[in-house]
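The residues making up each chain are set out below.
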Amino acid sequence: MKRKQKSKSYKLNETWTMWMCKSEVRPSQGNWETNLVQLEKLRTAEDFWELYRKLPKPSELPANEHMFLFKRSVVPIWSDPENLDGCRITLKVERQVDNGQQCDVYWHELVAAALEGRFGWCDTYVNGVSVGSDANVLKLRIWVRAYNGVAIQWMIRLAASRFLGCNIADLTVHKDLSRNLCRINDDKCVQCATADNIATWDKKRKEDHFDDLPNGSLNCNNAYNQLGFFDPKLNALY
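- Under an unreviewed UniProt entry, the protein chain has the name Eukaryotic translation initiation factor 4E-2 and belongs to Trichinella nativa.
- Per UniProt, the protein chain has the following entry under Sequence similarities (unreviewed entry): "Belongs to the eukaryotic initiation factor 4E family."

## Digging into the overall build of the protein chain
Logical step 1: Within the protein chain, the secondary structure is distributed over 6 helices and 7 strands.
Logical step 2: Element order for the protein chain, N to C, with α for helix and β for strand: β-β-α-β-β-α-β-β-α-β-α-α-α.
Logical step 3: The buried share of the protein chain, taken over its 238 residues, is 50%.
Logical step 4: Relative to all contacts within the protein chain whose residues are 6 or more apart in sequence, the contacts with residues 24 or more apart total 70%.
Logical step 5: As displayed, the protein chain has an accessible area near 12,800 Å², and 47% of this comes from carbon and sulfur atoms.

## Describing the environment of Gly86
Logical step 1: Topologically, Gly86 is positioned in the loop between β3 (65-71) and β4 (87-94).
Logical step 2: Along the sequence, Gly86 and Gln153 sit 67 residues apart, while their C-alpha atoms lie 9.9 Å from each other.

## Here's the deal with the side chain of Asp80
Logical step 1: Mapped onto the fold, Asp80 is located in the loop between β3 and β4.
Logical step 2: Buried within the structure, Asp80 lacks any salt-bridge partner; its nearest side chain of opposite charge belongs to Arg72, at an N-O separation of 8.0 Å.
Logical step 3: Separated by 2.9 Å, the side chain of Asp80 and the backbone nitrogen of Glu82 make a polar contact.
Logical step 4: Among residues more than four places away in sequence, those in contact with Asp80 are Ser73, Val74 and Val75.

## Observations concerning helix α3 (residues 151-164)
Logical step 1: A rise of 1.5 Å per residue sets the reference length of α3, with its 14 residues, at 20 Å; its end C-alpha atoms lie 20 Å apart and thus fit the reference within 8%.
Logical step 2: Immediately beyond the C-terminal end of α3, within one or two residues, lies Gly165, with a positive phi of roughly 75°.

## Examining the pattern of salt bridges
Logical step 1: The final tally for this structure, using the stated rule, is 6 salt bridges.
Logical step 2: In this structure, Lys71 engages Asp123 in a salt bridge whose closest nitrogen and oxygen atoms are separated by 3.8 Å. Taken together, the residues span a long stretch of sequence, with Lys71 in strand β3 and Asp123 in the loop between α2 (101-116) and β5 (126-133) at a distance of 52 residues. Per residue, the accessibility class of Lys71 equals that of Asp123, and both read buried.
Logical step 3: The network of salt bridges with common partners includes Glu109, Glu116 and Arg118.

## A few points about the nonpolar core
Logical step 1: Among the nonpolar cores identified, the biggest contains 48 residues, and Leu69, Trp107, Phe119, Leu140, Ile142 and Ile156 are the most heavily contacted of them.
Logical step 2: Setting aside anything within four residues of it in sequence, one finds Leu69 in contact with Trp16, Thr17, Met18, Leu42, Phe48, Val111, Leu115, Gly128 and Val129.
Logical step 3: Ranked by size, the runner-up nonpolar core spans 9 residues in total, among them Trp32, Phe70, Val74 and Ile77.

## Section: the side chain of Ser161
Logical step 1: Mapped onto the secondary structure, Ser161 falls in helix α3.
Logical step 2: Setting aside chain neighbours within four positions, we find Ser161 in contact with Cys166, Asn167, Ile168 and Leu171.

## Topic: the sheet that holds strand β2 (residues 36-44)
Logical step 1: Taken in spatial order, the 7 strands of this open sheet run β2-β1-β3-β5-β6-β4-β7, and their pairing is antiparallel. The sheet is open, and its two edges are formed by β2 and β7 (171-174), each paired on a single side. On average, adjacent strands in this sheet sit at an angle of 20° to one another, irrespective of strand direction.
Logical step 2: The pairing of β3 with β5 spans 5 bridges and is antiparallel. Within the sheet, the bridge partner assigned to Phe68 lies in β5 and is Ser130.
Logical step 3: Running at roughly 165° to β5, α2 makes contact with β1 (11-22), β3, β4, β5 and β6 (137-144) of the sheet.
Logical step 4: Against the sheet, α3 contacts β4, β5, β6 and β7, and its axis sits at roughly 150° relative to β7.

## Topic: the pairing of β3
Logical step 1: With 7 of its 7 residues buried, β3 lies for the most part within the structure.
Logical step 2: Burial along β3 is two-sided: the residues Glu65, Met67, Leu69 and Lys71 and His66, Phe68 and Phe70 are all buried.
Logical step 3: With 7 bridges connecting them, β1 and β3 associate as antiparallel partners. Within β3, the residue paired with Lys22 across the bridge is Glu65.

Basis of the calculations
- Each chain has its residues counted from 1, following the order in which its sequence is written.
- Only residues with pLDDT of at least 70 get local features here, since the model is predicted, and only at 80 or more are side-chain atom pairs given and counted; chain-wide, interface and lining totals rely on the full set of residues.
- Side-chain numbers come from the whole structure's heavy atoms, not from hydrogens or water.
- UniProt positions are given in the numbering used here, feature names are shortened, and annotations may be inferred rather than shown by experiment.
- The way it works is that DSSP assigns letters per residue, a run of H or I at least four long becomes a helix, a run of E at least two long becomes a strand, and they are numbered from the N terminus.
- A 1.4 Å probe rolled over the protein chains alone gives each residue an accessible area, and that area as a share of the maximum for its type sets the label: buried under 20%, exposed over 50%, partly exposed in between.
- Here, residues are in contact when the closest pair of their heavy atoms is within 4.5 Å.
- Exposure was quantified through the Shrake-Rupley algorithm and a 1.4 Å probe, taking into account, for residues, occlusion by the shown protein chains and nothing else.
- In this tally, Lys and Arg are treated as positive and Asp and Glu as negative; His is ignored, and so are the chain termini.
- Any Lys or Arg side-chain nitrogen located within 4 Å of an Asp or Glu carboxyl oxygen qualifies as a salt bridge.
- Distance and chemistry together define a polar contact, namely a pair of N or O atoms within 3.5 Å, with one atom able to donate a hydrogen and the other to accept it when in protein, and with adjacent residues in sequence counting only for side-chain atoms on both sides.
- Here the expected span of a helix is defined as 1.5 Å times the quantity of residues minus one.
- Take the buried Ala, Val, Leu, Ile, Met, Phe, Trp, Tyr and Cys residues and link them wherever side-chain atoms come within 4.5 Å; each set so joined is a nonpolar core.
- A pair of strands is labelled paired if DSSP reports no fewer than 2 bridges between them.
- Interaxial angles span 0 to 180 degrees and are taken between N-to-C directions of axes, which are lines fitted to C-alpha atoms, for helices over the stretch in contact.

Here's what the structure looks like:
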């Protein structure tokens, strides 16, 4: 009689950690870390999906409850050295849309993309992903470590919009973006970073005189120069 072979284990490229944050009230900076619980360190795909099946779906989360999947031992708080001066890219989903089931699909795709490194060369900038519940809104987030210019967050948003099947404009950037804005007008870079293609970006850049900034400034011109791999016609990520 042949012995039944064990199924092959697929080791993840990174060790990941699953966290949860539960609170009876909306978490604040003061009580966030207090309510944060580390669930398990995950080294293989089997480890992750076994735990994933035991966890609630986003649509089942009560208000003020959050789930996090982070690389290594990075803690999902702003004060962690890996998150310091970074940002969060957020997609909001109304609970009333399919009773939150659309968010369940998004979350499944987001964690799979994080584990598989589907952010391409920007993957090293992604510290983790999370989903949280407010009263009427579910929030999916990509946590990004510190970076220069707007090219990194722009490309992460572009990649996420593709595997989630959402509009890139719906993926908003929060926290510490002010460090990467133009010195002419603080909202210009954000507008350029959400442009649908380089042609639009280039047009806005010239109209707003970004080229007049001194060399080395954190501005749209620098971000534009970093996007040499970007095809303005196909709007494609290589």
